[in-house]
Protein chains: 2
Amino acid sequence: MATSFPLIPNFDDLPVGDGHLREVTLKSKPVYEGYYLKLIQDQVQLPNRQIAGREYLIHPGAVAIVPILPDGRVLLERQYRYPLHQAFIEIPAGKLDPGENTLTCAKRELQEETGLIAKEWHFLGKIHPIISHSTEFIDIYIAKDLEMTQTNLDEGEFLDIFGASLKEIHEWIKQGKITDVKTIISFYWLQDFYQESSK
Amino acid sequence: MATSFPLIPNFDDLPVGDGHLREVTLKSKPVYEGYYLKLIQDQVQLPNRQIAGREYLIHPGAVAIVPILPDGRVLLERQYRYPLHQAFIEIPAGKLDPGENTLTCAKRELQEETGLIAKEWHFLGKIHPIISHSTEFIDIYIAKDLEMTQTNLDEGEFLDIFGASLKEIHEWIKQGKITDVKTIISFYWLQDFYQESSK
């Protein structure tokens, strides 16, 4: 039965910190290591002291780059993503090498995938695409003042490179033609960035 | 050496369809099945006829819900996400049961996690959080005209429930206090939705 609508607190009304939510590791073991993916199973103690299992992927972290072309368009890629058997429109991105910081990785990936180098870089923000079952994060950067060098595509990487205006990108997001999360978020963050810059 | 800036095509200049990018399955085998996660390894033929390995998670798909409270705030959760050892601010979400459609799942998850039922539902869009190595998609819905029933939290699910204004949510995104992709995208899509509705 529906009852009268209850009072929903604000964030500041919540307990301070996450101590009442925290899960404590009891055991941890790698259960599978494939070509790229590494799966871990942990045993944890819940806040009510019960025991539960947790399963997740270890990921080195990644970067995504929003390259702004001299004519103002954003450089995009179309790439076949095998798990979904579909070509996706997305911004350039790639995984961190061991010990690599995210800006270094962003510069390397941009050049490897597109042949471009950029004189100006801005950090847009960090996202977590799969908080339920992966350690993955993606740091997103804007790359401006671009120069073309020789392309040096990763072997076995096939992709189309093209440019699109912010208006086109927004339309494609609304039409469901762009569904990749890093690309969607980068579009909105780029808009916020331009808005902040024009203040 | 940098060369003069090349012509970058528009989307309409690209080859029609994804035939030149497509990877064809040669073999497929499940290599690991855990409590929740199922890992597959495939052998594929690349566009240049070379052979490569592909590794990915099978995921049933998920939903996320943007519940609009009577006072206009968005209902949010704070939940401990074990893989990242951190409590995250996020909108309610959950995985599809076998054969379940996404709207049915959204209604079920909203009630299970918050005790709320909604009379008005709008589909906001579909996102793909991990196109490189998972089949996961998330369908995002707005839930309006809410009523409270008895809460019936999933066993072993601990979370804080609270409300936040669009302004607060935007601030938290810019501050890096919200990094969960479904929550970030829902905020911007809700803004687009209000903008479209007011036309």
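Residues numbered from 1 in each chain as written. Chains lettered and ligands numbered in written order. Predicted model: local features only at pLDDT ≥ 70, side-chain atom pairs only at ≥ 80, totals over all residues.

Caption draft 1: Region of interest: the overall build of chain A. Assigned secondary structure in chain A consists of 3 helices and 10 strands. The secondary structure elements of chain A, listed N-terminal to C-terminal, are β-β-β-β-β-β-β-α-β-β-β-α-α. Seen through its C-alpha atoms, chain A measures out along the principal axes to roughly 60 × 45 × 30 Å. Sorting the 199 residues of chain A into buried and exposed places 37% on the buried side. (Helix = DSSP H or I, 4+ residues; strand = E, 2+ residues; numbered from the N terminus. Buried ≥ 20, exposed ≤ 12 C-beta atoms within 10 Å, placed from the backbone.)

Caption draft 2: Expanded view of the interface of chain A and chain B. At the junction of the two partners, chain A supplies 73 residues and chain B supplies 73 residues. Its residues placed into classes, the side of chain A that touches chain B shows 41 nonpolar, 18 polar and 14 charged. (Contact = placed C-beta atoms within 7 Å. Nonpolar A, V, L, I, M, F, W, Y, C, P; charged D, E, K, R; others polar.)

Caption draft 3: How the structure looks around the sheet that holds strand 1 (residues 24-33) of chain B. All names here are of chain B. Pairing within the open sheet is antiparallel, and its 3 strands lie in the order 1-2-3. Since the sheet does not close on itself, it has two edges, and those belong to strand 1 and strand 3 (51-58), each with one partner. Averaged over all pairs of adjacent strands, the angle between strand axes in this sheet comes to 20°, irrespective of strand direction. One ladder, built from 8 bridges, connects strand 2 (residues 38-45) with strand 3; its direction is antiparallel. By the bridge assignment for strand 3, aspartate 42 is matched with arginine 54. (Pairing = 2+ DSSP bridges. Axes fitted to C-alpha atoms, helices over the stretch in contact; angles between N-to-C directions.)

Caption draft 4: Representation of the nonpolar core. With 89 residues, the main nonpolar core has Val63, Ile65 and Ile185 of chain A together with Val63, Ile65 and Ile185 of chain B as its most contacted residues. Other than its neighbours up to four places away in sequence, isoleucine 185 of chain A contacts Ile127 of chain A together with Val181, Ile184 and Ile185 of chain B. The next biggest cluster of nonpolar side chains, apart from the first, holds 8 residues, and it includes Leu39 and Leu57 of chain A together with Leu39 and Leu57 of chain B. (Core = buried A, V, L, I, M, F, W, Y, C linked by C-beta atoms within 7 Å.)

Caption draft 5: Here's a closer look at the relation of the copies chain A and chain B. Placing chain A over chain B gives an RMSD of 0.0 Å and needs a rotation angle of 180°, together with 0.0 Å of translation along the axis. On this basis, the relationship between the two copies can be described by a two-fold rotation axis. No C-alpha of chain A lies nearer the rotation axis than that of proline 129 of chain A, which sits 2.8 Å from it. When the interface residues of chain A are mapped onto chain B, 100% of them are again interface residues, pointing to one common binding face. (Least-squares fit on C-alpha atoms with pLDDT ≥ 70 in both.)

Caption draft 6: Here's a closer look at unusual backbone geometry. All names here are of chain A. The phi dihedral of histidine 85 falls on the positive side, at around 50°, and the residue is not glycine. As for its position among the elements, histidine 85 is in the loop between strand 5 (74-81) and strand 6 (86-90). A positive phi angle, close to 55°, is found at aspartate 145, a residue other than glycine. Considering the arrangement of structural elements, one finds aspartate 145 in strand 9 (residues 138-148).

Caption draft 7: Up close: the packing of helix 2 (residues 166-175) of chain B against helix 3 (residues 181-197) of chain B. All names here are of chain B. Interaxial distance between helix 2 and helix 3 falls to 10 Å at its minimum, and their mutual angle equals 135°. Taken together, the axis directions place helix 2 and helix 3 in an arrangement best described as oblique. At the point where helix 2 passes helix 3, the crossing takes the left-handed sense. Touching Leu166, Ile169, His170 and Ile173 of helix 2 are Ile184, Phe187 and Gln191, all from helix 3. (Parallel < 35°, antiparallel > 145°, perpendicular 65-115°, else oblique. Left-handed = near helix turned anticlockwise from the far one by under 90°.)

Caption draft 8: Quick peek at the domain arrangement of chain A. Domain boundaries in chain A define domain 1 (11-58) and domain 2 (62-197). Computed from C-alpha atoms alone, the centre-to-centre distance between domain 1 of chain A and domain 2 of chain A is 30 Å. (Domains from an automatic or database assignment.)

Caption draft 9: Focus on the confidence of the model for chain A. The predicted model of chain A has a mean per-residue pLDDT of 93, with 94% of residues at 70 or higher. For this predicted complex, the interface confidence comes out at an ipTM of 0.95, alongside a pTM of 0.95. (pLDDT = per-residue confidence, 0-100.)

Caption draft 10: Quick peek at the pairing of strand 4 (residues 62-67) of chain A. Residue and element names in this part refer to chain A. The buried fraction of strand 4 is high, at 6 of 6 residues. Here strand 4 shows two buried faces, one formed by Ala62, Ala64 and Val66 and the other by Val63, Ile65 and Pro67. For strand 4 and strand 7 (residues 93-95), the ladder comprises 3 bridges, and the chain directions are antiparallel. Each bridged residue has a counterpart across the sheet, and for alanine 62 the counterpart in strand 7 is lysine 95. Bridge count for strand 4 against strand 9 is 6 bridges, and the pairing is parallel.

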